[in-house]
Amino acid sequence: MRLRGCLNRGHNSEISWRRLFVGRDGVRAGWRASLFMLAMVAQLLLLAIVLHEVFRNMAPHGLQSGLTPLVVGLSELGLLLPVYGASALMAFLEDTRLTAYGLMDPKKLTRLGAGFAAGLAALTALMLALRAGGFATEQAGGLSLTGDIGYALKWLCVSLLVGLAEEFALRGYLLSALRRGLGFWGAAGLTSLLFGVLHGMNPGETPLGLIDTMGAGLLFCLFVYFTGSLWFAIGFHGAWDYAENFLFGTADSGTHCVGALLISAPRGNLYLSGGNAGPEGSLFCTAILLLVTLLACSAKREKAADF
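These numbers were taken from a predicted model, which means no experiment stands behind them.

Enquirer: Tell me about the confidence of the model for the chain, and please be specific about residues and values.
Expert: On average, residues of the chain score 88 in pLDDT, and 90% of them are at 70 or above. Low pLDDT (under 50) marks residues 302-307, which in the prediction has 21 contacts with non-local residues, meaning those over four places away or in another chain.

Structure (structure tokens):
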């Protein structure tokens, strides 16, 4: 049996159990998504052994006072590599290019930059709103000029890696496969729910923070729908994390990062300040996400690519 493209071979079988797995257009969407997840989890388990040893040795220096760029970078690389491997496998079985899953875009650098600028603007607007309302305090991070520049570059690289790894994992092949059976918005809803569930494993997450996280997932899907690729969403996601981790030094689902330009702390009402969850657990964040959604919908739309 020729494996390349085997998932695309349809079958009009009268046997009921076979129709459960294969339709006229090939293997059904749910089974494609399940195979992708299985391949990714298998690779994650293999990498987990190595990463466990690395983190165990680094824990006394890298985790007690906050997450370092190296720790976060290794963690995200540990996600990106299995996602890349699983996506490459599915591209082979579907007889297509890996870039077909949201990475093929002649304007990728422009969209990446535009997304990054939009993400910075959104998080900055959120922090200004919290500061104006008296729900956040800020102080200098206390680093030297050399330290600030060094951490600025490190967190920039790591934040873009976060955006690439998480967007490709949830809105790359997975979104592409699920939309075959659920339609785009059904797939968007399911992947955004998964986005929230995964963030629910973070130690300081709150119910409102999870709702905002799922809302952010839907917003990223909207970016994909309008642009036809992942690059704007990658830029936005990376910039949001960069502003949290470095520029404003906020909590992120209960965790803090080393080397922030400013150090921000919540003050007052939990639902307005975000509490230990950080600004993502605030009603102000909900408002900002809705505002960005409205701006995206009102902006000039480009026909989404059929990826």
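Enquirer: Account for the environment of P279, naming residues and giving values.
Expert: Checked against the element boundaries, P279 lands in the loop between α9 (270-273) and α10 (283-298). Given a relative accessible area of 4%, P279 falls into the buried group. Considering only alpha carbons, one finds P279 and S264, 15 residues apart in sequence, at a separation of 9.7 Å. Beyond its immediate stretch of four places on either side in the chain, P279 contacts L126, M127, L130, E244, T250, A251, S273 and C285.

Enquirer: Quick rundown of the packing of helix α6 (residues 173-199) against helix α7 (residues 207-227)? Include the residues and the values.
Expert: Between α6 and α7, the shortest axis-to-axis distance is 7 Å and the interhelical angle comes to 145°. Like other packed secondary-structure pairs, α6 and α7 cross with a definite hand, here right-handed. Facing L175, F184, W185, A188, G189, T191, S192, L193, F195, G196 and H199 of α6, the residues of α7 in contact are L210, T213, M214, G217, L218, F220, C221, L222, V224 and Y225. Grouping the amino acids of the contact of α6 with α7 by side-chain chemistry returns 14 nonpolar, 7 polar and no charged.

Enquirer: Which residues make up the packing of aromatic side chains, and what values do they have?
Expert: Applying the stated criterion across every chain, the model contains 15 aromatic pairs. Pairing F184 with W185 gives two aromatic rings, centres 4.9 Å apart and planes at 85°, and the pair type is edge-to-face. Taking relative accessible area as the criterion, F184 reaches 12% and is therefore assigned buried. Taking the centre distance of 6.4 Å and the plane angle of 65° together, the rings of F195 and F220 count as edge-to-face. Taken together, the positions of F195 in helix α6 and F220 in helix α7 put the pair 25 residues apart, joining distant regions of the chain.

Enquirer: Go over the side chain of E280 with me, naming the residues and quoting the values.
Expert: By the element assignment, E280 lies in the loop between α9 and α10. R171 provides the closest opposite charge to the buried, unpaired E280, separated from it by 11 Å. Polar contacts involving the side chain of E280 include one to the side chain of W240, which spans 2.9 Å. Aside from chain neighbours lying at most four places away, what touches E280 is L208, G209, D212, T213, W240, E244, D252, S253 and C285.

Enquirer: How would you summarise the nonpolar core if you had to cite specific residues and measurements?
Expert: F168, F223 and F236 are the most contacted members of the largest nonpolar core, which has 59 residues in total. Elements with a contribution of two residues or more to this core: α2 (29-62), α3 (69-93), α4 (108-132), α5 (145-171), α6, α7, α8 (231-247) and α10. The biggest single contributor to this core is α6, with 9 residues. Once you skip the residues sitting within four places of it in the chain, F236 turns out to touch G115, F116, A118, G119, A122, L219, F220, F223 and V292. Membership of the second largest hydrophobic core comes to 10 residues, among which are V72, W155, V158 and F246.

Reading the values: rules and limits
Residues numbered from 1 in each chain as written. Predicted model: local features only at pLDDT ≥ 70, side-chain atom pairs only at ≥ 80, totals over all residues. Heavy atoms only, no water. pLDDT = per-residue confidence, 0-100. Contact = heavy atoms within 4.5 Å. Helix = DSSP H or I, 4+ residues; strand = E, 2+ residues; numbered from the N terminus. Buried < 20%, exposed > 50% of the residue type's maximum accessible area, 1.4 Å probe, protein only. Axes fitted to C-alpha atoms, helices over the stretch in contact; angles between N-to-C directions. Left-handed = near helix turned anticlockwise from the far one by under 90°. Nonpolar A, V, L, I, M, F, W, Y, C, P; charged D, E, K, R; others polar. Phe/Tyr/Trp six-rings, centres within 6.5 Å; stacked < 30°, edge-to-face > 60°. Lys, Arg positive; Asp, Glu negative; His and termini not counted. Salt bridge = Lys/Arg side-chain N within 4 Å of Asp/Glu carboxyl O. Polar contact = N/O pair within 3.5 Å; in protein donor to acceptor, adjacent residues only side chain to side chain. Core = buried A, V, L, I, M, F, W, Y, C linked by side-chain atoms within 4.5 Å.

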